[in-house]
Amino acid sequence: MGGLADYLFGFRAEDKAAKFLEERGFEIVERNFHSKFGEIDIIARHGDILHFVEVKATNKNYETIYRVDQKKILKIIKTINFFMLKYNLDLGYEIDAICVGARGIEFYENVSV
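Quick notes on the rules
Residues numbered from 1 in each chain as written. Predicted model: local features only at pLDDT ≥ 70, side-chain atom pairs only at ≥ 80, totals over all residues. Heavy atoms only, no water. Helix = DSSP H or I, 4+ residues; strand = E, 2+ residues; numbered from the N terminus. Buried < 20%, exposed > 50% of the residue type's maximum accessible area, 1.4 Å probe, protein only. Contact = heavy atoms within 4.5 Å. Expected span 1.5 Å × (residues − 1). Arc of directions from axis to C-beta. Salt bridge = Lys/Arg side-chain N within 4 Å of Asp/Glu carboxyl O.

Engineer: Requested: an account of the environment of I95, with residues and values cited.
Structural biologist: Mapped onto the secondary structure, I95 falls in strand 4 (residues 92-101). Given the relative accessible area of 6%, I95 is considered buried. Taking the C-alpha atoms as reference points, I95 and V53, 42 residues apart in sequence, are found 5.9 Å from one another. In this structure, I95 is in contact with F52, I73, I76, I77, I80, E109, N110 and V111, ignoring residues within four places of it in sequence.

If you want it as structure tokens, here you go:
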């Protein structure tokens, strides 16, 4: 794969992840939020908690969760701080990861460094 095929593969994985969250009672607030610090794939709300979700996908047989490393999480935290300031929010939040791969969808809640 490459170029457009990779983009479409990633976009379909994010669609699957959003549907997975909605089926579990999450409200999708925003997708692909961009700032100068980075991007957050999905921002969802469940109760009083905002969930900032990193989506990783592969069609190979390896653990995609390991691609959510400390460097990536630190970029996400900077982007979360920007998002909270931009919308003047004071809510609890967590960083989650959804991996879409050969074994289906795996949901990792509250990942941290």
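Engineer: Go over helix 2 (residues 70-86) with me, naming the residues and quoting the values.
Structural biologist: Taking 1.5 Å as the rise per residue, helix 2 with 17 residues should run 24 Å; its terminal C-alpha atoms sit 24 Å apart, in good agreement. Along helix 2, the residues that are buried comprise I73, I76, T79, I80, F83 and M84. Along the long axis of helix 2, the arc covered by the buried residues comes to 140°, so they all point the same way. In helix 2, the exposed residues that point more than 90 degrees away from the buried face are Q70, K71, K78 and L85. Looking at the buried side of helix 2, the elements it contacts are strand 1 (27-35), strand 2 (38-46), strand 3 (49-57) and strand 4.

Engineer: So what about the pattern of salt bridges? Which residues, and what values?
Structural biologist: Enumeration over the complete set of coordinates arrives at six salt bridges. Measuring nitrogen to oxygen at the nearest pair gives 2.8 Å for the salt bridge that ties R31 to D15. Of this pair, R31 sits in strand 1 while D15 sits in helix 1 (residues 4-23); the two residues are 16 residues apart in sequence, bridging distant segments of the chain. Look at R31 and you get partly exposed, because its relative accessible area is 27%. Since its relative accessible area comes to 33%, D15 is described here as partly exposed. The residue E54 makes a salt bridge to K56 at a minimum N-O spacing of 3.3 Å. With respect to class, E54 is no different from K56; both count as buried.

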